Amino acid sequence: DGVYQISYTLTDAAGNESVRSDAISLTIDKTPPNQPAIPTGFIDDIGLNQGNLGFLNATDDTKPSLIIGPLSTGYTAQLYLNNQHVDSVYDSDTGTLTPITALTEGMHNLSYTVVDAAGNESARSPTVTISIDTTSPLQPAAPTGFFDNQGAETGALASGQVTDDTTPDLTI
């Protein structure tokens with residue numbers, strides 16, 4: 001690693017050497033960036049539960065944006081899904097890394113690396129797990145009755161019976 005000044009001369013068949021050329025500067029960088037920190041959360045911008053979420057939350061967002069923070073000048077980020085590189089987009093305004101292709105339903109292990117201007121890639125960040133859940137629950141069974149807690153007549157009542165309770169408890 002280092003910065004080098006490189007120039008050259010020409011020599012003809014008779015052994016005459018030219019004046020040295022002007023030098024160019026060359027930087028050799030073979031040192032990868034440090035391992036990045038674990039993502040601090042993810043941003044869900046789909047459905048009812050949106051915002052900056054932690055990894056214990058399931059999400060219906062199939063393209064969750066990992067919060068990785070700012071990158072050093074000239075650096076890029078690479079996303080890994082279940083240990084395989086996937087195309088992604090880094091947003092410098094939000095410090096997030098988002099997969100381009102939607103993730104499927106289920107659990108996914110995500111990590112990322114940073115790559116410097118010379119193409120040296122860091123070790124992967126610690127892995128985080130995101131649960132993608134886009135399936136709605138099944139329709140529940142109809143209530144079997146209700147419980148009247150007010151007025152002269154109280155107790156369990158069946159569907160179709162009359163009550164004076166404005167907030168009866170459903171029996172399911």
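Residues numbered from 1 in each chain as written. Predicted model: local features only at pLDDT ≥ 70, side-chain atom pairs only at ≥ 80, totals over all residues. Heavy atoms only, no water.

### A few points about the overall build of the protein
Then, in step 1: Of regular secondary structure, the protein possesses 0 helices and 15 strands.
Then, in step 2: The C-alpha radius of gyration computed for the protein amounts to 31 Å, which surpasses the reference 16 Å derived for 172 residues by more than 25%, pointing to a less compact arrangement than a globule.
Then, in step 3: Along the first, second and third principal axes, the C-alpha atoms of the protein reach 120 × 25 × 20 Å.
Then, in step 4: Across the 172 residues of the protein, 27% fall into the buried class.
Then, in step 5: When contacts within the protein are restricted to residue pairs at least 6 apart in sequence, those whose partners lie at least 24 apart make up 51%.
Then, in step 6: For the protein, the computed accessible surface area is about 11,400 Å², with 53% contributed by carbon and sulfur atoms.
Then, in step 7: Of the charged side chains in the protein, 4 are positive and 21 negative; the average position of the first set lies 25 Å away from that of the second. (Helix = DSSP H or I, 4+ residues; strand = E, 2+ residues; numbered from the N terminus. Rg over C-alpha atoms; globule rule 2.2 N^0.38 Å. Buried < 20%, exposed > 50% of the residue type's maximum accessible area, 1.4 Å probe, protein only. Contact = heavy atoms within 4.5 Å. Areas by Shrake-Rupley, 256 points an atom, 1.4 Å probe, with all protein chains shown as cover. Lys, Arg positive; Asp, Glu negative; His and termini not counted. Charge placed at Lys NZ, Arg CZ, Asp CG, Glu CD.)

### Description of the sheet that holds strand β14 (residues 155-158)
Then, in step 1: With antiparallel pairing, the 3 strands of this open sheet are ordered in space as β14-β13-β15. Each of the sheet's edge strands pairs with one partner strand only, and the pair in question is β14 and β15 (169-171). Neighbour to neighbour, the strand axes of the sheet diverge by 35 degrees on average, direction disregarded.
Then, in step 2: Two elements, strand β13 (residues 145-148) and β15, share 3 bridges in a ladder whose sense is antiparallel. Its bridge partner being in β15, G145 is matched across the sheet by T171. (Pairing = 2+ DSSP bridges. Axes fitted to C-alpha atoms, helices over the stretch in contact; angles between N-to-C directions.)

### Focus on the packing of aromatic side chains
Then, in step 1: The tally for this structure, following the rule as stated, stands at 1 aromatic pair.
Then, in step 2: Between F42 and F55, the aromatic rings sit 5.8 Å apart at their centres with planes inclined by 40 degrees, giving tilted as the arrangement. Placement of the pair is F42 in strand β3 (residues 42-44) and F55 in the loop between β4 (51-53) and β5 (58-59), with a sequence separation of 13 residues.
Then, in step 3: Lying over the aromatic face of Y80, R124 brings its terminal NZ or CZ to 4.0 Å of the ring centre. (Phe/Tyr/Trp six-rings, centres within 6.5 Å; stacked < 30°, edge-to-face > 60°. Lys NZ or Arg CZ within 6 Å of the ring centre and 35° of its normal.)

### Brief notes about the side chain of S111
Then, in step 1: With respect to the secondary-structure elements, S111 resides in strand β11 (residues 106-115).
Then, in step 2: Of the residues examined, S111 reaches a relative accessible area of 3% and is grouped as buried.

### Regarding a nonpolar patch on the surface
Then, in step 1: Residues Y4, I6, I24, L26 and I28 make up a contiguous nonpolar surface patch of about 430 Å² in total accessible area.
Then, in step 2: If you tally residues by element for the nonpolar patch, the top one is strand β2 (residues 24-28), at 3 residues.
Then, in step 3: By secondary structure assignment, the location of I24 is in strand β2. (Patch = residues over 30% accessible without salt bridge, like charges linked within 9 Å, V, L, I, M, F, W, Y side chains within 5 Å. Salt bridge = Lys/Arg side-chain N within 4 Å of Asp/Glu carboxyl O.)

### What to know about the pairing of β11
Then, in step 1: Of all 10 residues making up β11, 7 are buried, and the element is well covered by its neighbours.
Then, in step 2: As judged from the 6 bridges shared by strand β7 (residues 76-81) and β11, these two strands associate in the antiparallel manner. By the bridge assignment, T76 is partnered in β11 with V115.

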